[in-house]
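# Results of the structural survey
Listed below, chain by chain, are the residues.
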Amino acid sequence: CVISNNTSSCAWDNAAYNTYGCAAIVYGGVIENTLITKNSTGGSDAGGGAICMTGTGTMINCTVAGNTMNGYAGVFFNSKTAKAVNCLICNNTSSHRTENYAGVYNGSSVAPYFTACVAPVQINGSCHTAAGLGLKDAGHGDYHPILGSVCLDNGTLDGITPSALDLDGNAR
C-alpha cells in the first residue's frame with residue numbers, strides 16, 4: 001500500500017486531532033507494509049506528522065519518508081499503547097523544528113513502544129539511527145536498502161505475524 005501526495009492545510013487546534021496524521025491516523029488499527037511519502041501540511045503549526053499513532057494503533061514494516069510538515073513531520077506518537085515495529089522513518093522535513101520533530105515525536109514518552117525501527121534520532125536500544133542507512137536513492141524517493149544497509153536483516157518477529165509479501169510484492 002502507498003499513501004502519498006496528501007495535503008492538510010488546517011491550523012493547529014490544541015484540543016483536537018484536526019491536523020494530526022495528514023496521511024493517516026492509526027487509532028486501534030494496524031497499518032502494515034505501507035510506504036507513507038510526499039505528504040504535507042500547511043497552516044500555522046499543522047503538526048501531526050504524516051502518521052499519527054494513538055490509542056492501540058500498530059505500525060508494522062512501514063516506511064515513513066519524504067514527508068514535509070510545519071510541525072512534527074514523520075511519526076507523531078500520542079499514546080502509551082500504540083507501537084511501531086520494523087519501520088524506517090527517514091528523510092522527513094520539518095520547516096521550523098529540530099531533527100526530533102522531523103522524524104519521531106514522542107508526545108507520550110513512547111520510546112519503549114518502538115521495536116527494531118530506524119529513525120534519524122536514537123529512540124531506544126532496539127532501534128538504529130538513520131546515519132549510513134544504505135538506501136538506493138532516498139533523495140529521489142527510492143527507499144530500497146542496498147547491500148550492507150542497517151535496514152537489512154535487523155527486523156524482529158517478536159509479537160507480529162509478518163505478511164508473506166514485502167512492499168514490492170516479493171516473497172519475504
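That block above? That's the structure.
Now for a quick tour of the structure. (Residues numbered from 1 in each chain as written. Predicted model: local features only at pLDDT ≥ 70, side-chain atom pairs only at ≥ 80, totals over all residues. Heavy atoms only, no water.)

Across its full length, the protein chain holds 1 helix and 20 strands. A burial count over the protein chain gives 48% of its 172 residues as buried. Taking the intrachain contacts of the protein chain between residues at least 6 apart in sequence as the baseline, contacts between residues at least 24 apart amount to 70%. In the structure as shown, the protein chain presents an accessible area of about 7,900 Å², 50% of it carried by carbon and sulfur atoms. (Helix = DSSP H or I, 4+ residues; strand = E, 2+ residues; numbered from the N terminus. Buried < 20%, exposed > 50% of the residue type's maximum accessible area, 1.4 Å probe, protein only. Contact = heavy atoms within 4.5 Å. Areas by Shrake-Rupley, 256 points an atom, 1.4 Å probe, with all protein chains shown as cover.)

By the bridge criterion, 2 bridges tie strand 19 (residues 135-137) to strand 20 (residues 142-145) in an arrangement that is antiparallel. Considered in strand 20, the bridge of Leu 135 is made with Pro 145. Counted between consecutive antiparallel strands, the loop separating strand 19 from strand 20 contains 4 residues, among which Gly 141 sits at a positive phi close to 85°. (Pairing = 2+ DSSP bridges.)

Right, let's get into unusual backbone geometry. Positioned with a positive phi, Asn 33 is a non-glycine residue whose angle comes to about 50°. Note on placement: Asn 33 falls in the loop between strand 4 (30-32) and strand 5 (35-37). Under the relative-accessibility criterion, Asn 33 is labelled buried at 9%. Located in the positive-phi region is Asn 91, a residue other than glycine, with phi close to 55°. As for its placement among the helices and strands, Asn 91 is situated in the loop between strand 13 (88-90) and strand 14 (93-94).

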